[in-house]
Amino acid sequence: MFSKILIANRGEIAVRIIKTCRKMGIKTVLVYSDADAGSLACEMADETIHIGPSPAAQSYLIQDKIVDAVRQSGAEAVHPGFGFLSENPVFARRLEAEGITFIGPNPHAIEAMGDKITSKKFAAEAGVSTVPGHMGLIESTEEAVKIANEIGYPVMIKASAGGGGKGIRVAHSDADMAEGFAAVKAEALTAFGDDRVFLEKFIVNPRHIEIQVLGDKHGNIVSLFDRECSIQRRNQKVIEEAPSPLLDDATRKAMGDQAVALARAVNYDSAGTVEFVAGQDRSFYFLEMNTRLQVEHPVTELITGVDLVEQMIRSAAGETMGFKQEDLSINGWAIESRIYAEDPYRGFLPSIGRLVRYEQPEEGDHSSAGGDYTIRNDSGVREGDEISMFYDPMIAKLCAWGETRDAAVEGMARALEDTHLSGVGHNVPFLSAVMDQDRFKSGELSTSYIKDEFPEGFHGLAPSEAQKDIFITVAAAMNEVLAEQAGDPSERTDWTVLIDREAHDVSLSYDEAEDLVISLDERDLTLSEIDWRPGMAQFKAVLDDEPFTAEVKRAPDGFDIRHRAAKARVRVLTPRAAEMYQRLPEKVAADTSKLVLSPMPGLVVDIPVTVGQEVKSGETVAIIEAMKMQNILKAERDGVVKAVGAKAGDPVAADDVLVEFA
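Okay, so let's go over this structure. (Residues numbered from 1 in each chain as written. Predicted model: local features only at pLDDT ≥ 70, side-chain atom pairs only at ≥ 80, totals over all residues. Heavy atoms only, no water.)

### Describing the packing of helix 3 (residues 63-73) against helix 4 (residues 89-97)
Contact geometry for helix 3 and helix 4: axes closest at 11 Å, N-to-C directions at 30°. On the basis of the axis angle, helix 3 is roughly parallel to helix 4. Between helix 3 and helix 4 lies a crossing of right-handed hand. Where helix 3 approaches helix 4, its residues Gln63, Asp64, Ile66 and Val67 are matched on the opposing element by Val90, Phe91, Arg94 and Leu95. Along the lines of polarity and charge, the residues of the contact of helix 3 with helix 4 split into five nonpolar, one polar and two charged. (Axes fitted to C-alpha atoms, helices over the stretch in contact; angles between N-to-C directions. Helix = DSSP H or I, 4+ residues; strand = E, 2+ residues; numbered from the N terminus. Parallel < 35°, antiparallel > 145°, perpendicular 65-115°, else oblique. Left-handed = near helix turned anticlockwise from the far one by under 90°. Contact = heavy atoms within 4.5 Å. Nonpolar A, V, L, I, M, F, W, Y, C, P; charged D, E, K, R; others polar.)

### Some details on the nonpolar core
Ranked by size, the top nonpolar core spans 61 residues in total, and within it Ile5, Leu6, Ile66, Val78 and Ile313 carry the most contacts. Of the residues forming this core, the biggest block, seven residues, is contributed by helix 1 (residues 11-24). Among residues more than four places away in sequence, those in contact with Ile313 are Met1, Phe2, Ile5, Thr20, Cys21, Met24, Ile26 and Ile103. (Core = buried A, V, L, I, M, F, W, Y, C linked by side-chain atoms within 4.5 Å. Buried < 20%, exposed > 50% of the residue type's maximum accessible area, 1.4 Å probe, protein only.)

### Section: the pattern of salt bridges
The final tally for this structure, using the stated rule, is 57 salt bridges. Here Lys634 and Glu179 are joined by a salt bridge, their closest N and O atoms 2.9 Å apart. Of the two residues, Lys634 is situated in strand 37 (residues 629-634) and Glu179 in helix 8 (residues 174-192); the sequence distance between them amounts to 455 residues. Using a relative accessible area of 29% as the deciding quantity, one classes Glu179 as partly exposed. Two residues, Asp469 and Arg523, come together in a salt bridge whose shortest N-O distance is 3.0 Å. With Asp469 in helix 16 (residues 465-486) and Arg523 in strand 28 (residues 523-531), this pair connects stretches of sequence that are 54 residues apart. You can call Asp469 buried: its relative accessible area is 13%. Assessed through its relative accessible area of 34%, Arg523 is described here as partly exposed. Overlapping salt bridges bring together Arg16, Lys23, Glu301, Asp307, Glu310, Arg314, Glu319, Arg376 and Asp378 as one network. (Salt bridge = Lys/Arg side-chain N within 4 Å of Asp/Glu carboxyl O.)

### Quick notes on the state of the cysteines
All told, the structure shown has zero disulfides when counted by the stated rule. As a non-bridged cysteine, Cys21 has Cys42 as the owner of its nearest cysteine sulfur, 15 Å distant. With no disulfide partner, Cys399 has as its closest neighbouring cysteine sulfur the one in Cys229, 12 Å distant. (Disulfide = S-S within 2.5 Å.)

### Some thoughts on the sheet that holds strand 10 (residues 207-215)
In spatial order, the strands read 14-13-10-11-12-15-23-21-20; together these nine strands make up an open sheet with antiparallel pairing. Of all strands in the sheet, those with a lone pairing partner are strand 14 (284-290) and strand 20 (364-366), marking the two edges. Ignoring strand direction, the axes of neighbouring strands in this sheet form an average angle of 30°. Where strand 10 lies against strand 11 (residues 221-233), six bridges are found, and the strand directions are antiparallel. Following the sheet pairing, Glu210 is matched in strand 11 by Arg227. Where helix 13 (residues 428-436) meets the sheet, it contacts strand 12 (236-242) and strand 15 (333-340), and its direction lies at approximately 150° from that of strand 15. (Pairing = 2+ DSSP bridges.)

### Description of the sheet that holds strand 25 (residues 494-499)
The eight strands are arranged 25-26-27-28-29-30-31-32 in a closed barrel whose pairing can be described as antiparallel. Taking each pair of neighbouring strands and ignoring which way they run, the sheet shows an average axis angle of 35°. Its contacts with the sheet put helix 12 (residues 405-417) on strand 29 (538-543), strand 30 (546-555) and strand 31 (558-563), and the angle it makes with strand 30 is roughly 30°.

### Thoughts on helix 9 (residues 249-265)
Spanning 17 residues, helix 9 covers 24 Å between terminal C-alpha atoms, matching the ideal 24 Å at 1.5 Å per step. Among the residues making up helix 9, those that are buried are Thr251, Arg252, Met255, Gly256, Ala259, Val260, Leu262 and Ala263. End-on, the buried residues of helix 9 take up no more than an arc of 165°, which puts them together on one face. Set apart from the buried face of helix 9 by more than 90 degrees, the exposed residues are Asp249, Ala250 and Lys253. Where helix 9 is buried, its residues contact helix 5 (107-114), helix 6 (116-125), strand 10, strand 11, strand 13 (271-278) and strand 14. Of the residues flanking the end of helix 9, it is Asn267, one or two places downstream, whose phi is positive at about 55°. (Expected span 1.5 Å × (residues − 1). Arc of directions from axis to C-beta.)

### So, helix 8
Helix length check: helix 8 (19 residues) gives 26 Å between terminal C-alpha atoms against 27 Å at 1.5 Å per residue, within 8%. Taken together, the buried positions of helix 8 are occupied by Met177, Gly180, Phe181, Ala183, Val184, Glu187, Ala188 and Ala191. Count one or two residues on from helix 8 and you reach Gly193, which has phi positive near 70°.

### Re unusual backbone geometry
Note that the residue after Tyr153, namely Pro154, is joined by a cis bond; omega there is 0°. Assignment of secondary structure puts Pro154 in the loop between helix 7 (141-151) and strand 7 (155-163). Residue Pro243 follows Ala242 across a cis peptide bond; omega there is 0°. Within the fold, Pro243 resides in the loop between strand 12 and helix 9. The phi dihedral of Asn267 is positive, around 55°, even though this residue is not glycine.

### Thoughts on the pairing of strand 30
The pairing of strand 29 with strand 30 spans six bridges and is antiparallel. Residue pairing across strands places Val542 opposite Pro547, the latter belonging to strand 30. Hairpin geometry of strand 29 and strand 30 is characterised by an intervening segment of two residues between the two adjacent antiparallel strands and by a positive phi of about 50° at Asp544. Across five bridges, the pairing between strand 30 and strand 31 is antiparallel. Bridging across to strand 31, Lys553 finds its partner in Asp560. With antiparallel pairing between neighbouring strands as the criterion, strand 30 and strand 31 make up a hairpin whose turn holds two residues.

### Let's talk about the environment of Arg292
On the secondary structure map, Arg292 appears in the loop between strand 14 and helix 10 (297-304). A distance of 2.7 Å separates a polar atom in the side chain of Arg292 from a polar atom in the side chain of Gln294. (Polar contact = N/O pair within 3.5 Å; in protein donor to acceptor, adjacent residues only side chain to side chain.)

Worth remembering: the numbers are spatial, not functional.
Following this line, the structure appears as structure tokens:
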């Protein structure tokens with residue numbers, strides 16, 4: 001077994017690998033860029049080596065720097081994590097030539113299956129069902145349009161070396177294909193250093209289901225069952241679960257057998273994932289194979305009890321797998337929510353900045369009315385860390401395990417309640433909304449789920465009647481605490497609580513246990529076990545025997561309260577003040593209809609319009625790059641350009657004016 005391993009990655013996955021290495025008694029060396037100096041992973045590693053500037057192309061993607069770091073540290077092996085060099089066969093071969101062990105599959109397997117075009121051909125030759133498409137190289141936009149018409153729209157444009165949801169577009173017309181083909185090639189070159197692109201038929205209303213495989217160097221290969229990854233946004237997985245609620249035992253076995261057969265054909269000898277696109281009728285087609293550890297691997301670990309990072313290390317060290325297929329079984333259900341620094345209220349655009357507050361749910365075993373559950377939180381950042389524009393904006397992978405899917409869903413919903421972040425935009429309210437939706441609870445999923453359920457974008461959910469009770473009782477309780485601190489002598493018990501402008505008359509008292517009783521609409525609500533004091537961002541309590549956590553913030557005239565996906569400005573006023581307040585005019589939002597604003601901090605790639613130019617609705621007016629993704633901004637109406645506020649290469653902040661129309 002290795003005594004020292006170098007981790008050629010960063011963030012959450014570097015932390016994850018360090019934890020397993022500690023368990024195995026293996027020392028770790030971590031390489032880091034300027035942006036990651038002082039990171040949690042750097043703090044946890046036994047040794048650290050600086051390898052360059054923040055952009056990945058100048059640090060984590062430079063093979064010479066990784067090899068030099070191995071030599072400098074005396075490490076015997078390299079774990080590449082996911083992304084960066086993890087699926088680069090040239091890197092794997094170079095390590096092999098240098099006498100350094102690559103903790104991943106053999107270079108032949110990476111080359112055969114890691115390349116999206118080659119893997120499709122290989123799968124077809126192996127008798128695996130594949131999606132119709134064009135696997136050859138495409139040299140021009142004109143050729144791409146011609147091939148798309150032969151396949152039949154809609155068509156998916158994908159970077160051959162792609163991964164992580166980057167370098168993917170869906171084209172529904174020749175115009176989409178012409179624009180998308182160029183965009184995908186540009187993204188692929190920037191993110192992966194490889195601009196090859198291929199096309200395949202886009203399956204309508206599909207599900208994304210994958211099989212985790214694991215092999216060793218002695219010919220042993222097993223399936224660790226399936227994961228459902230259908231909840232996606234911009235082809236980036238957001239919520240994953242294991243097992244899939246779609247599959248029956250027969251389909252699960254058929255998919256597992258195909259995945260193992262494909263892995264066996266290339267002598268696969270590490271952790272890998274065979275991805276399938278599945279129809280609602282349980283038909284399935286090979287999509288691609290990821291020859292690395294997947295982001296969503298924790299849900300598989302939770303239902304199988306197998307540490308995949310440990311197994312990768314043991315396989316790379318030449319050990320024989322310690323179990324067979326018949327030793328493996330599915331235990332319970334696990335769900336993973338990817339917590340991103342992105343603003344769901346602004347089209348999920350990346351958000352960068354300092355993580356001013358980060359309160360995490362308690363890991364371990366919990367109980368609720370919906371059943372017992374276990375929480376695991378894989379995170380690579382701490383409170384006070386900077387979310388950089390140079391890398392993927394993931395903050396954490398929050399996981400919940402339960403004996404049943406219902407228990408796992410409820411556990412995830414409660415864990416999201418207990419997660420508080422500030423300083424950057426984040427998608428926790430959106431994740432909470434999905435957990436509360438009847439469709440998600442039913443397991444009726446598809447890759448178009450987010451578009452179907454939130455066609456106009458995410459704007460939060462209206463509070464349910466139960467959530468209104470939470471808002472009222474929380475605001476009343478905080479008002480009592482603040483009045484007591486201020487020495488208010490009135491001892492008033494009758495108030496009017498406004499949820500935005502909806503009025504609720506309440507009367508407050510205390511029972512024998514000194515719990516707060518709120519009389520509301522001829523009902524008595526009891527608020528107990530209150531955990532809050534001024535300055536705290538979370539209000540935890542039990543309302544009529546149901547524990548909850550709400551996010552709270554004092555406002556000039558009340559409180560901003562969020563519970564899951566519902567939020568409101570809540571005011572506790574005297575009845576007379578409430579009556580007068582409701583007469584105030586509504587504030588009118590500023591008119592920005594003639595402005596094209598930057599939706600996020602980033603760099604201007606291009607502004608292909610000039611002052612005085614006539615622009616038609618749907619035409620591209622700006623391209624902004626952030627988090628390695630190009631975002632194309634289009635005119636929402638016909639107009640004439642009055643002013644251009646930036647040029648290619650300029651850094652811009654969110655809401656900076658890019659183009660103004662007359």
